[in-house]
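Per-entry structural report
Here's the letter readout for the chains.
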Amino acid sequence: MPPPNAAAPRNDDALVRRAAELSRFARHLLAADPGLLPAASLRTPFGADEMRADLAAAGAADEAALKRTLRDLRKRVMLRVIARDLGGLATLDEVVATVTALADIALAAAVSHLERWLAVEYGEPIGADSGRAQKLHVVAMGKLGGCELNVSSDIDLVFVYPEEGETRGKRPRSNHEFFIRFARRLIALLNEMTADGHVFRVDVRLRPLGADGPLACSFGMLENYFITQGREWERYAWIKARVVCGDRARELIELVRPFVFRRHLDYSAFESLRDLHREVQREVERRDIYDNIKLGPGGIREIEFMVQLHQLIRGGRDTALRELPTLTVLPLLAARNLLPRDAVQELTAAYVFLRNLEHRLQYLDDKQTQTLPGNADDQALIAAAMGCADYAALRAQLDHHRGNVTRQFESIFTASLEETHPLAGLWHPGDEEQHLDALRKLGYRDPQQALARIAALRDSGRVRQMPESSQARMQQLVPLVIETAARLSNPDATLERMLLLLESISRREAYLALLLQYPQTLERGAQLANASPWAAEHLTRYPILLDELLDTRALYAAPDWTQLKSLLHNQLEEASGDPERQMDVTRHFKHAQTMHLLAQDLAGELPLEKLSDHLSDLADLILSEALRLTWQGLRSRHCDEPRFAIVAYGKLGGKELGYASDLDLIFLYQDAAPEAPENYARLAPRLNNWLASLTAAGLLYETDLRLRPDGAGGLLVSPIEGFAEYQREHAWVWEHQALTRARYVAGAADIGRRFEEIRGTVLRQNRDLAQLRSEVVAMRDKMLAAHPNTSGRFDIKHDRGGLIDVEFIVQYLVLGYSHRHAELTGNIGNLALLKLAAKLGLIAESKASAAHDAYRRLRQLQHSLRLQGEKYARIEPGKLPREIAAVKELWNSVLGESGEIN
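The sections below set out a description of the structure shown in this document. Quantities reported herein were computed from a predicted structural model and do not represent experimental measurements. (Residues numbered from 1 in each chain as written. Predicted model: local features only at pLDDT ≥ 70, side-chain atom pairs only at ≥ 80, totals over all residues. Heavy atoms only, no water.)

1. Concerning helix α24 (residues 533–541)
Here α24 has its buried residues at Pro533, Trp534, Ala535, Ala536, His538 and Leu539. Structurally, the start of α24 carries an N-cap: the backbone nitrogen of tryptophan 534 is 3.2 Å from a side-chain oxygen of serine 532. (Buried < 20%, exposed > 50% of the residue type's maximum accessible area, 1.4 Å probe, protein only. Helix = DSSP H or I, 4+ residues; strand = E, 2+ residues; numbered from the N terminus. Polar contact = N/O pair within 3.5 Å; in protein donor to acceptor, adjacent residues only side chain to side chain.)

2. Concerning empty space enclosed by the protein
Counted under the stated rule, the structure contains four cavities of 30 Å³ or more. Surrounding the largest cavity, Lys590, Thr594, Leu615, Leu618, Leu657, Gly658, Tyr659, Ser661 and Tyr701 form its lining. Those elements giving two or more residues to the lining of the largest cavity turn out to be α27 (579–602) and α28 (608–632). A per-class count over the lining of the largest cavity returns five nonpolar, three polar and one charged. Taken as a whole, the second largest cavity encloses approximately 40 Å³ of empty space. If you trace the second largest cavity, you find it lined by Gly654, Thr740, Arg741, Arg759, Gly826, Asn827, Ile828, Gly829, Asn830 and Leu833. Grouping the amino acids of the lining of the second largest cavity by side-chain chemistry returns two nonpolar, six polar and two charged. (1 Å grid on protein atoms, 1.4 Å probe; cavity = no way out; pocket = protein on both sides within 12 Å on 5 of 7 lines; lining within 4 Å. Points joined across faces, edges and corners; volume = space filled by probe spheres on them. Nonpolar A, V, L, I, M, F, W, Y, C, P; charged D, E, K, R; others polar.)

3. So, helix α30 (residues 676–692)
If you check α30, its first and last C-alpha atoms are 24 Å apart, about what 17 residues at 1.5 Å a residue would give, namely 24 Å. For α30, every residue scored as buried is listed here: Ala676, Asn679, Tyr680, Leu683, Ala684, Leu687, Asn688, Trp690 and Leu691. Relative to the axis of α30, the buried residues are bounded by an arc of 160° and lie together on one face. If you follow the buried residues of α30, they end up packed against α27, α28, β8 (644–649), β9 (663–669), β12 (703–704) and β13 (717–719). (Expected span 1.5 Å × (residues − 1). Arc of directions from axis to C-beta. Contact = heavy atoms within 4.5 Å.)

4. Some thoughts on the packing of helix α20 (residues 468–486) against helix α22 (residues 509–517)
Between α20 and α22, whose axes approach to 10 Å, the crossing angle comes to 40°. By the criterion of interaxial angle, the relationship of α20 to α22 is oblique. Remark: the crossing between α20 and α22 carries left-handed chirality. Across the interface between the two elements, Ser469, Ser470, Arg473, Met474, Gln476, Leu477 and Leu480 from α20 touch Glu509, Leu512, Ala513, Leu515 and Leu516 from α22. Taken together, the residues that form the contact of α20 with α22 break down as seven nonpolar, three polar and two charged. (Axes fitted to C-alpha atoms, helices over the stretch in contact; angles between N-to-C directions. Parallel < 35°, antiparallel > 145°, perpendicular 65-115°, else oblique. Left-handed = near helix turned anticlockwise from the far one by under 90°.)

5. Quick look at the nonpolar core
Residues Trp238, Tyr267, Leu357, Leu502, Phe644, Ile646 and Leu665 are the most contacted members of the largest nonpolar core, which totals 166 residues. Top contributing element to this core by residue count: α28, with 12 residues. In this structure leucine 502 touches Leu457, Met474, Leu477, Val478, Val481 and Leu515, once residues within four positions along its chain are discounted. Of all hydrophobic cores here, the second largest spans 73 residues; its members include Ala26, Ala83, Tyr122 and Val204. (Core = buried A, V, L, I, M, F, W, Y, C linked by side-chain atoms within 4.5 Å.)

6. Structural notes on the pattern of salt bridges
If the charged atoms of two oppositely charged side chains come close together, the side chains can form a pair. Counted by the stated rule, this structure contains 61 salt bridges. The partner of arginine 248 in a salt bridge is glutamate 163, with the nearest N and O atoms 3.5 Å apart. In this pair, arginine 248 sits in the loop between β7 (242–245) and α10 (249–260) while glutamate 163 sits in the loop between β3 (155–161) and β4 (165–168), placing the two residues 85 residues apart along the sequence. With a closest N to O distance of 3.4 Å, arginine 301 and glutamate 304 form a salt bridge. With arginine 301 and glutamate 304 both in helix α12 (residues 300–314) and three residues apart, this pair spans about one turn of that helix. Here glutamate 304 falls in the buried class, since its relative accessible area comes to 6%. Connected through salt bridges with shared partners, the residues Lys565, Glu573, Glu625 and Arg628 form a single ionic network. (Salt bridge = Lys/Arg side-chain N within 4 Å of Asp/Glu carboxyl O.)

Pasting the structure below:
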């Protein structure tokens, strides 16, 4: 975005004259010393290196000299900033970066000199615990902390030192006293008004306990304050914290981070920031400062509130949102669909306009003001400085931007639930007949049961023990849930499922706040609960997924696995060094993507085959990252990249994965290094544990490793050539059946290619068809015996005429005929293999087509029953006569004779 005076004259002398015309402060400085702003210097910004060089050249023998040097530097920097900005040469980014650099460099110079001078007086401060020298840490807050300091701002500072202790010198002092003296002299160096002016006004009221607290405190005191006394508004203030001076900055920021950013999504930030904004508005009304472009309606502060709201909510999980400058965070909100892109564009334009206007107000007299002038002369100067024809034109632009900010702010922060809901009485004990009548009119089929469930939640120990604020939120939410469930096709079941969700989140105030702040999330959650008890249970088990329901664009978008792989990789890298957090990150990623697919599935937007492909792609992606991380975590690894591969069998191997499917895996390696067998033997159980452990974020996948060579008695990981030998010489027919649905999914690609070669060779062996048929039928009989069904209902998976029969038919055809038709070894899925077998003339096309359609229908029905929470996929036997008959007919045609079924 160009500066507001992009069309201003570019002649150097003209630029100086323009600065003097539009800034009384600049005119005053130039009148006193024209040499402060050489016209030739205007072509380049006043950079940090030039500032440091000027300070070094000037030198400072004592505090008086340092004060003069710093104040002289400020005059020259400010004059060049004013001239470049008003002359259209500087963008807002340049202006705030230059002023921020001036503050940082002035602080660093002052701290460096004072450290030496104070050490001469009192000795060097030493930590009592570590015995190490202690340094003053200067924490910049507010605009300085955010690297967006305005041109006549005060600077908000907090002074901290690592440890208590004592100085070692002729006049020893406690570290506490030493650093308080240090802070006072530092403030005086910058803040004191001398004949040369000041450097920066210093505000230290953001320290612990504010004006009542000590001027400097130890790391330990700061941490204890955050834990025991830190207030919600202070979290907002400390978002912008940046350590400007000090040798243990990382340690200090790590201490601050848990106070500011919660590990969970913190939607309670809405209420605390809303309260803070109300206080600001009351102050605006009390002081009648509606023309204040920072604090007034549609002002700078409202934009900052919107940005910092999302930082507080999500910064604990999304570290990118911890960025400091407002203009850096705004596009991140659009990229994450947290704010609409057009809203972000409006807010960005408004922020730039308001900050530029703020600077021009301050250029007038070097005063920290954000209030529009009341006299016509100053109004004309400000309008000209903003490149407007007159003040009326400026006000029109200002009103436009402030209107946009107000509209966006109110869409986020305006509380819409303060009025009593018409159904609020149902939460409270009262006239039972009246309550039942209300529920009956809403469409509840069993109002007595619905009312009993509401009362059970209200009277539960969990709800009674909730804080008062949470109880108030629950009281608002339950009527909304009753109303929302009543609009759906199955209100009674939906209400029960949603009340279970509310009970599960009753101690997580942030989730209650989320549902109140975003009613559309409650609506979408109820729709999922109405459609599927399994979906409701999934949401109840992982309520963090409520956040995924906020944005329908993201929820129903087709997955981009390349982009998602990069997203997961970056999130895991941000958690580097913390394996437990990495495990939780991966689990949440898996649950979130599953929720997206589930929503699309229940909306009828995903065919079952496509859903299985996506779930399989998700598992492949996670396995790849899990392998990378577990190898990195192995202390004795002998190479950077493991010569190790993961092979999937079963549902994942055949890309027929369901929501709750376990993973059938084997691990292979090909590595001549002498340490390889031992290292990979350690890697395999670590990897399995990484996948199958239950953490605070839930379960990733259940795994089954029994399909490895020699089954449960074999080694967890096999050398690739040992696997090849086992498959050629020792494997049972059922193991070759399993191999038909196996594929490489993660790890070393060349080992994956070698596995595919071995698989193809094994599957293409020339087998005796009669013997193969006998063994396949015998294995099918064993499986049937292992899954007895006495329910009187048809088991879609295990009973004769079900899914397993089709799978065994396909496996027989692959093993029996691949030596003649190599294309049968392609891992293309059972449906495609049935069509291929018919095309090759191995089975009648009519029978293949009927079995193909039956298999698809059986899978769809199995999937539907699972979503309805059924433990077994069983139906009344008369419901699928045609499909069962088609499967049995193909079985008898292919595997008949001794294996014929009726």
